[in-house]
Each structure stands twice: as structure tokens, then as C-alpha cells.
Amino acid sequence: MDRLRTLFSLVGTGEVFADVGCDHGYLAEMVLKSGNYKRVIISDISKSSLQKAVDLLKPYGDRVTAVVSDGLESFTELPDEVAIAGMGGEEIVKILSSAMSLPKKLVLAPQKNSVKVRKLLFDLGYKILKDFTIKDKGKFYDIISAVEADIEPKEYTNLEYIYGRDNLNERPDDFIEKLTLDEKLYEGVVQTKTASETAKSVAMQKLKEIREILK
Ligand SMILES: C[S@@+](CC[C@H](N)C(=O)[O-])C[C@H]1O[C@@H](n2cnc3c(N)ncnc32)[C@H](O)[C@@H]1O
């Protein structure tokens, strides 16, 4: 399924939604079109990237507020829900851990290091609602939605942190395809004579995990 449509399917309803690192602004456009949120804040660290979204969303008038911002740093109001997609997990972790205040709900799509994002969500007191992998145009993406928890959420197991709870419980086709490809990749490393002992031992550990999940 299309990555942005999948993200949009996880967006809730309310007063103010923010698309952090919005670039083109396509996700914000879907939210505005749907009417799920009354207002949308579009933001990006890059003025020229933000301008693309400003141009696209002109028809929505004063339902849109644009702000050049590193993460949530320059926000003057707290949105109900924030999406952060298309950047590395470490950048997402930096944005969330340096925010003065955090929204009730998050929709995240880390390009890598999803494990760090999952761990931070737990540390910040969020409950992960959805956590799965999708394939879009030949690439795999982790998609995570989370909500501020009323009671301490049940902590993930080590494998859930690495692979995502829904992936392990529901085994979606895209996730199984990714694991099968990763299995071949790590088999290649193990069989490569010139690979370092460290690389081989990491690959063996990954193979053990993957085969445990695939069996
Ligand atoms: C690959 S684009 C993703 C666009 C869109 N969110 C998506 O998922 O299709 C990443 C965008 O994040 C912006 N970005 C990177 N780090 C950021 C930060 N710390 N705060 C705000 N925007 C950031 C970049 O300028 C860029 O426009």
C-alpha cells in the first residue's frame, strides 16, 4: 500500500494536526481534504521544502499555518497529533526528546533505526497502537502510531523492539517478504570468505532471530 495513504489511515480527528518535516505537504493535504482536523500546521527545517507545501496548500487558506522549525522547537501551539515521516529514527528521537511538550498522538515513519524510536516511545509514556512494515514502490517502511498512555504500557520484548509488535503477531506479507530478503542477505555475509568475524557474528545472530520468526 502507498506509504502516505497508510500514514493517513492512522491519523485520528481533532482540532490541530501537524506534519513535521512536511516537504511537499502531501500528507497534510490528505488531512485537510478529509476534514479530520480543523487546522493543520505544516513545518520543515528547510524553508524551500516548506515552500512546496505552502504552495500546494494555498486553497485551504487559514486552515493552514506554516512554520520553519527544527522539529517542534519553533511551534507556538501544541498540536493534538503530530506526524513525522521520512527521516531517520535518530532524527525522530532527537525531535521528540528535545520537545518542550508533546502531543497526545504520534504517527511516525522512521527510515531506519525504528528500534530507537520504539524504545523512546515507551520511555516517554506512549502506548504503541500500530507498528508494522509496508512495501511501497519496492522499498520497505516501518510505520508506527502511538498515543499518550493513561497507565504504564506493557513493555515490548527485545524482538518486538527490533521487528515491531504487529509484525510479529500478525505477520503481514510485506514484513515476511522483507525478512526473507534479509535472510538471504545475512546468509550471503556468513558465506563470504572475506567478511570480518564481527560481521559474520552479527549476521549469524540476525539469522537466528529471522529463522525463529519465519518458522
Ligand atoms: C524525505 S522528506 C519526507 C517528507 C514527508 N514527510 C514524507 O514522509 O514524504 C524529509 C523532510 O524532513 C525535513 N527535516 C529533516 N530534519 C528535520 C527536522 N529536524 N525538523 C523538521 N524537518 C526536518 C527535511 O527538510 C525534508 O523536507
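Residues numbered from 1 in each chain as written. Predicted model: local features only at pLDDT ≥ 70, side-chain atom pairs only at ≥ 80, totals over all residues.

Undergrad: Can you walk me through the overall build of the protein chain in this structure?
TA: Scanning the protein chain from N- to C-terminus turns up nine helices and seven strands. For the protein chain, the C-alpha radius of gyration of 19 Å lies close to 17 Å, the compact-globule estimate for 215 residues. Expressed as lengths along the three principal axes of its C-alpha atoms, the size of the protein chain is roughly 60 × 40 × 30 Å. For the protein chain, the proportion of its 215 residues judged to be buried stands at 33%. Counting contacts in the protein chain only where the partners sit at least 6 residues apart, residues at least 24 apart contribute 59% of the total. (Helix = DSSP H or I, 4+ residues; strand = E, 2+ residues; numbered from the N terminus. Rg over C-alpha atoms; globule rule 2.2 N^0.38 Å. Buried ≥ 20, exposed ≤ 12 C-beta atoms within 10 Å, placed from the backbone. Contact = placed C-beta atoms within 7 Å.)

Undergrad: Explanation requested: the packing of helix α8 (residues 173-191) against helix α9 (residues 197-214) in the structure shown.
TA: Packed helices, taken two at a time, are described by their axes: the angle between them and the distance between them. Where α8 contacts α9, the two axes come as close as 9 Å, and the packing angle between them is 150 degrees. On the basis of the axis angle, α8 is roughly antiparallel to α9. For the pair α8 and α9, the sense of crossing is left-handed. Here α8 contributes Leu179, Asp182, Glu183, Tyr186, Glu187, Val189 and Val190 to the contact with α9, which in turn contributes Ala199, Lys200, Ala203, Met204, Lys206, Leu207, Ile210, Ile213 and Leu214. (Axes fitted to C-alpha atoms, helices over the stretch in contact; angles between N-to-C directions. Parallel < 35°, antiparallel > 145°, perpendicular 65-115°, else oblique. Left-handed = near helix turned anticlockwise from the far one by under 90°.)

Undergrad: What is the right way to look at the domain arrangement of the protein chain in this model?
TA: In many analyses, interface size is given as the accessible surface area lost on bringing the parts together. Along its sequence, the protein chain is carved into domain 1 (3-154) and domain 2 (175-214). A separation of 32 Å is found between the C-alpha centroids of domain 1 and domain 2. (Domains from an automatic or database assignment.)

Undergrad: Please explain α8 as it appears in this structure.
TA: Each turn of an α-helix holds 3.6 residues, which means side chains three or four residues apart point in the same direction. For α8, with 19 residues, the first-to-last C-alpha span of 27 Å sits near the 27 Å given by 1.5 Å per residue. Packing partners of the buried residues in α8 comprise β6 (126-136), β7 (139-148), α7 (165-170) and α9. (Expected span 1.5 Å × (residues − 1).)

Undergrad: Teacher, can you tell me more about the site of the ligand here?
TA: What surrounds the ligand is a group of 15 residues, the closest being Gly21, Asp23, Ser49, Ala85 and Gly86. Only β4 (81-87) and α4 (89-98) provide two or more residues apiece to the shell around the ligand. Counting residues per element, the shell around the ligand draws most heavily on β4, at three residues. (Near = placed C-beta within 6 Å.)

Undergrad: Looking at this model, I keep getting lost on the pairing of strand β5 (residues 105-110). Mind explaining?
TA: In summary, the side chains of a regular strand alternate between the two faces of the sheet. Of all six residues that make up β5, six are buried, and the element is covered over most of its length. The alternating pattern of β5 places Lys105, Val107 and Ala109 and Leu106, Leu108 and Pro110 on opposite faces, both of which are buried. After leaving β4, the chain enters α4 and then returns to the sheet as β5, a path that is right-handed. Two elements, β5 and β7, share four bridges in a ladder whose sense is antiparallel. Residue pairing for β7: Lys105 is matched across the bridge by Val147. (Right-handed = clockwise from strand over helix to strand, strands pointing away. Pairing = 2+ DSSP bridges.)

Undergrad: Just to check I follow, could you spell out unusual backbone geometry for this structure?
TA: Of note in this structure, Asn113 is not a glycine but carries a positive phi near 55 degrees. For Asn113, the location among the structural elements is in the loop between β5 and α5 (114-123). A count of 15 C-beta atoms within 10 Å places Asn113 in the partly exposed class. In this model, Arg171 sits at a positive phi of 45 degrees, which is unusual for a non-glycine residue. Take Arg171: it is sitting in the loop between α7 and α8.

Undergrad: Even after reading the chapter, I still don't get the sheet that holds strand β2 (residues 37-44), so can you show me in this structure?
TA: Hydrogen bonds between backbone atoms are what pair the strands of a sheet, whose relative direction is either parallel or antiparallel. In space, the seven strands of this open sheet follow the order β3-β2-β1-β4-β5-β7-β6, with mixed pairing throughout. In this open sheet, the two strands that pair with only one neighbour each are β3 (64-68) and β6. On average, each strand axis in the sheet is tilted by 15 degrees relative to the strand beside it, whichever way the strands run. Note: β4 against β5, six bridges, orientation parallel. Pairing of Ile84 across the sheet is with Leu108, part of β5. Packing of α4 onto the sheet brings it into contact with β1 (14-20), β4 and β5, and relative to β4 it is tilted by some 150 degrees.

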